[in-house]
Amino acid sequence: MKLKEKVVQSVKWLFIAQLSSQLIRTLVTILVIRDFDAREMSFVALSQTITGFLEIFSTLGLNAAIISKKDITKRDLQNIFGLVLVINAVLLAIVMGGANYFSSFYNTPEVADILRVSGWSFLFVALGFIPNAMLVKDMRFKATSIIQVIAGLSGALISYVCAKNGLGYWALVYGGIAYPVIGTILKIALSPTMVWPRFSLSESLRHISFGTYVMAGGITWYFFVTMDIVIAGRFWTAETLGVYAIAVQIAAMSLNRTIPLLKQVALPAFSRSIVQDRSLLESHVVKALKLSIFASVPMFWGVAATATLAVPIFLGENWRAATLPLAFLCIGAPFRFLIELLSPAVVAAGYPKEVFKNGVVISLVMVIFYLVVVLNSTSPALLAAVWMIVYPMLSLHASHRYCKWLQINSMAIYKGIFPILMSGLAMLAVVLFMVLNLSDAMNRALLLGLAVATGVIIYIGALFLIDRKTLMEVFSMYRGSKKKAPAQAK
């Protein structure tokens, strides 16, 4: 199978897996958190800032070293596996030993108990590391999609059962740890690559040198994605933080599953593009971004436009305060794909240091804005506005720099996604107008259904009028058709 066909098939499998599992996970999550109060959501959100940061160090970026290297030996895999086991054992010890310190930093005792349970996931990350890396290297995304669906649905089911048995926020904790446990079991079962660990630091150093910048890039990613919760958790009350945390939970639900999977496709695909024919890289990058933006814009901007209806219906009136923060977060969400899909291409081209340097700039700017907002306000909506206003500008600047390193034309990317963004803005404006003007005259559930249907029609219709070629090209990619998209009608 040619690389292009393999990428298309991979994206199709990931899309099917993500769509099916995410619909059920979203429904279950909504059912679980409906009865939570803001304080309970803050407990889970604060503990995730600790485990999320430590997870960056769990692999030292060594998965990128395995995927990018053309010929990887069994001895290489054994050395990497041994190193990853040691690292994750140390991380587990840090979580267990420092649980009380972390909880005292946030002045939230519940965080310590959550960390002592969720910390065990580090061992399962280590055990599934080599099987997962080899599945991705071989681009066996049908297998990874099956793992994604089964692990995701199992975690959601465990959360639902725990919630119905009165376990409160522990339902999210147990469901969260079930995901890596079940995922690791399935990775080992479906991957033919299993090795015994070797503990030779000297032989692992050459892999670490490459992975260090990948890991450093992950650290910068953590700072601008998670430091809003960390800073707000230090200065805001649990109730105020809980409102912001629930908005982040809903907005990031799809991003946190979709982006890592797409990056798994992107890194080996871009690596092979560079090896086989560098001239095809620009075409592959533009198509990947078109596909991602085309799917994400209606989903996230649709949620933003209908948040005033959807939040009270699905989460209950007690979460109405999360409406505006959720809308602002969703408007900025699609711009994440610009950086998240270009950075694997830069890494594959051999410039992980540039990803790190761009990440530092973005992190510093975002953290400064977080601090300004949190220290001068207690408005979750204002904090979410940083993601809506500041982050898109930073992502456009970073994507321009990435294109220079990749030696591709950034205007080709911007011209490719511009019609999609304009169609999304038309959809957002029309649906928002409907919601604001018909909320008092119609049943909310009926209006929500009408708004969704109208949004789909406006989005597809606007794109058809603005750039028919792009619409046909995107549909062709989804179908995996080998035919070229028809020329744009004059």
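Residues numbered from 1 in each chain as written. Predicted model: local features only at pLDDT ≥ 70, side-chain atom pairs only at ≥ 80, totals over all residues. Heavy atoms only, no water.

(A) Representation of the overall build of the protein chain within the structure. Tallying secondary structure elements over the protein chain gives 19 helices and 0 strands in all. Counting the 490 residues in the protein chain, one finds 55% classified as buried. Considering only contacts in the protein chain between residues 6 or more positions apart, those separated by 24 or more positions represent 84%. Element-wise, carbon and sulfur atoms account for 67% of the exposed surface of the protein chain, whose accessible area totals about 21300 Å². (Helix = DSSP H or I, 4+ residues; strand = E, 2+ residues; numbered from the N terminus. Buried < 20%, exposed > 50% of the residue type's maximum accessible area, 1.4 Å probe, protein only. Contact = heavy atoms within 4.5 Å. Areas by Shrake-Rupley, 256 points an atom, 1.4 Å probe, with all protein chains shown as cover.)

(B) Spotlight on the environment of Met41. Examined against the element boundaries, Met41 turns out to sit in helix 2 (residues 38–55). Separated by 131 residues in sequence, Met41 and Leu172 place their C-alpha atoms 9.4 Å apart.

(C) Region of the structure containing the packing of aromatic side chains. In total, this model carries 7 aromatic pairs according to the counting rule given. Put simply, the rings of Phe43, Tyr169, Trp170 and Tyr174 touch in pairs and so form one group of aromatic residues. A cation sits over an aromatic face here: Arg234 above Phe105, 4.9 Å from the ring centre. (Phe/Tyr/Trp six-rings, centres within 6.5 Å; stacked < 30°, edge-to-face > 60°. Lys NZ or Arg CZ within 6 Å of the ring centre and 35° of its normal.)

(D) Quick look at the side chain of Thr454. Along the chain, Thr454 falls in helix 18 (residues 444–466). Since its relative accessible area comes to 18%, Thr454 is described here as buried. In this structure the side chain of Thr454 is engaged in a polar contact, spanning 2.8 Å, whose partner is the backbone oxygen of Leu450. (Polar contact = N/O pair within 3.5 Å; in protein donor to acceptor, adjacent residues only side chain to side chain.)

(E) The arrangement of the packing of helix 4 (residues 74–106) against helix 5 (residues 110–118) in detail. Where helix 4 meets helix 5, the closest approach of the two axes is 7 Å, and the angle between their N-to-C directions is 160°. Considered as vectors, helix 4 and helix 5 are oriented roughly antiparallel to each other. When you trace helix 4 past helix 5, the crossing you get is right-handed. Residues Val95, Met96, Ala99, Asn100, Phe102 and Ser103 of helix 4 touch helix 5, and the partners they reach there are Val111, Ala112, Leu115 and Arg116. Its residues assigned to classes, the contact of helix 4 with helix 5 shows 7 nonpolar, 2 polar and 1 charged. (Axes fitted to C-alpha atoms, helices over the stretch in contact; angles between N-to-C directions. Parallel < 35°, antiparallel > 145°, perpendicular 65-115°, else oblique. Left-handed = near helix turned anticlockwise from the far one by under 90°. Nonpolar A, V, L, I, M, F, W, Y, C, P; charged D, E, K, R; others polar.)

(F) Representation of the nonpolar core. Core analysis: the largest hydrophobic core is formed by 126 residues, its most contacted members being Ile130, Met366, Tyr370, Trp387 and Ile413. The element best represented in this core is helix 12 (residues 281–315), accounting for 14 residues. With sequence-adjacent residues up to four places away left out, Trp387 is seen in contact with Phe224, Val225, Asp228, Tyr244, Leu329, Gly332, Arg336, Met366, Tyr370 and Pro392. (Core = buried A, V, L, I, M, F, W, Y, C linked by side-chain atoms within 4.5 Å.)

(G) Looking closely at the confidence of the model for the protein chain. In the predicted model, the protein chain carries a mean pLDDT of 79, and the fraction of residues at 70 or more is 78%. By mean pLDDT, the top-scoring element of the protein chain is helix 13 (residues 323–332) (93), and the lowest-scoring one is helix 1 (residues 3–33) (61). (pLDDT = per-residue confidence, 0-100.)

(H) Inspection of the environment of Asn165 at higher detail. Inspection of the secondary structure assignment puts Asn165 in the loop between helix 8 (141–164) and helix 9 (170–190). Polar side-chain contacts of Asn165 include one of 2.6 Å to the backbone oxygen of Val161.

(I) Broad picture of helix 16 (residues 380–406). In this model, helix 16 (27 residues) spans 38 Å end to end at C-alpha, consistent with the 39 Å of a helix rising 1.5 Å per residue. Taking the largest bend as the criterion, helix 16 deviates by roughly 35°, centred on Val390, and proline Pro392 comes between one and four positions later. Following helix 16 by one or two positions, Gln407 has its phi on the positive side, about 60°. (Expected span 1.5 Å × (residues − 1). Bend = angle between axes of the 7 residues up to and from the residue.)

(J) Main features of the packing of helix 13 against helix 16. At a minimum axis separation of 8 Å, helix 13 and helix 16 run at an interaxial angle of 10°. Viewed along their axes, helix 13 and helix 16 adopt a mutual orientation that is roughly parallel. Residues Leu324, Pro325, Phe328, Leu329, Ile331 and Gly332 of helix 13 form the contact with helix 16, whose own contacting residues are Pro380, Ala381, Ala384, Ala385, Trp387, Met388, Tyr391 and Pro392. For the contact of helix 13 with helix 16, a count of residues per class yields 13 nonpolar, 1 polar and no charged.

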